[in-house]
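# Structure assessment
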Amino acid sequence: MKISTQNILKFLNVLSWIIFLGLCIEAGGIIFNSIFTHFINPVAANNFWEGIDFSALYSFDYVYFFVIVLLMSIVAILKALMFYQIVNALNYKKLNLSEPFSIGLRKVIVNIAYIVLAIGLFSKFGIGYSQWLAEKNISMPKVEKMGFDGAGVWLFMSVIIFVIAQIFKRGIELQEENDLTI
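Cut-off values and rules
Residues numbered from 1 in each chain as written. Predicted model: local features only at pLDDT ≥ 70, side-chain atom pairs only at ≥ 80, totals over all residues. Heavy atoms only, no water. Helix = DSSP H or I, 4+ residues; strand = E, 2+ residues; numbered from the N terminus. Contact = heavy atoms within 4.5 Å. Expected span 1.5 Å × (residues − 1). Axes fitted to C-alpha atoms, helices over the stretch in contact; angles between N-to-C directions. Parallel < 35°, antiparallel > 145°, perpendicular 65-115°, else oblique. Left-handed = near helix turned anticlockwise from the far one by under 90°. Nonpolar A, V, L, I, M, F, W, Y, C, P; charged D, E, K, R; others polar. Patch = residues over 30% accessible without salt bridge, like charges linked within 9 Å, V, L, I, M, F, W, Y side chains within 5 Å. Areas by Shrake-Rupley, 256 points an atom, 1.4 Å probe, with all protein chains shown as cover. Salt bridge = Lys/Arg side-chain N within 4 Å of Asp/Glu carboxyl O. Phe/Tyr/Trp six-rings, centres within 6.5 Å; stacked < 30°, edge-to-face > 60°. Buried < 20%, exposed > 50% of the residue type's maximum accessible area, 1.4 Å probe, protein only.

## Section: the side chain of Thr 37
- Note on placement: Thr 37 falls in helix α1 (residues 5-39).
- The contacts of Thr 37, once residues within four sequence positions are left out, are Pro 42, Ala 44, Ala 45, Phe 48, Tyr 58 and Phe 65.

Written out as structure tokens, the structure reads:
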């Protein structure tokens, strides 16, 4: 049984949509819960998002709570934005299999590389900030629960994607040279 590239791309498109919607829900949930905790019910900090308990942090200092929630929101939004770029590339014909090296696709790859780099940097800062808060004897949830895990992997992945973008740039140059010679 042979699976065509078109079928794989259709499957990846559906999978990307599902992941994108899930990440949008996560980002929206974090933002909604932070607004709800701040303006309506501060007790909601003890069951913030997916069972995260920020009650000790919230009672210690609201500014620290706000910074952690802001970092969580930024990372979640950037993850959703990354999958938006993928969905956008798969749905709006930026990916042309007859000419795979296109300027539009290279721009998408570069955008994804910058987004992945930003996810890695904000995750790294979030890990450092939560460790700093834990050193102040504030009960902090695990970084995995807050969405900061894998900062090094995100940074490593950004380098790989930047390399792929440079390969695409060279592929576009070769394709243009080939078009001129024919």
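## Looking at helix α4 (residues 103-135)
- Between its first and last C-alpha atoms α4 spans 48 Å; for 33 residues at 1.5 Å apiece the expected length is 48 Å, and the two agree.
- Phi for Asn 137, located one or two positions after α4, is positive at around 65°.

## Some words on the packing of α1 against helix α3 (residues 62-91)
- Here α1 crosses α3 at 160°, and the two axes come no closer than 8 Å. By the criterion of interaxial angle, the relationship of α1 to α3 is roughly antiparallel. Judged by the twist between their axes, the crossing of α1 over α3 is left-handed.
- In terms of residue class, the contact of α1 with α3 is made up of 22 nonpolar, 7 polar and 1 charged.

## A closer look at a nonpolar patch on the surface
- A surface patch of nonpolar side chains, amounting to about 730 Å² of accessible area, comprises Met 1, Ile 3, Ile 8, Phe 11, Leu 12, Leu 15 and Ile 19.
- Summarising the element assignment, Ile 19 is placed in helix α1.

## Observations regarding the packing of aromatic side chains
- One pass over the full model with this rule turns up 16 aromatic pairs.
- Ring centres of Tyr 114 and Phe 162 lie 5.0 Å apart, and the angle between their planes is 80°; this geometry places the pair in the edge-to-face category. Taken together, the positions of Tyr 114 in helix α4 and Phe 162 in helix α6 (residues 151-181) put the pair 48 residues apart, joining distant regions of the chain.
- Here the aromatic residues Phe 48, Phe 54, Tyr 58, Tyr 62, Phe 65 and Phe 66 are joined through ring pairs into a cluster of three or more.

## Some remarks on α1
- Here α1 is 35 residues long and its end C-alpha atoms lie 50 Å apart, about the 51 Å a rise of 1.5 Å per residue gives.
- All buried positions along α1 are accounted for by Leu 9, Asn 13, Ser 16, Phe 20, Leu 23, Ala 27, Gly 29, Ile 30, Asn 33, Ser 34 and Thr 37.
- Buried residues along α1 sit in contact with α2 (55-60) and α3.

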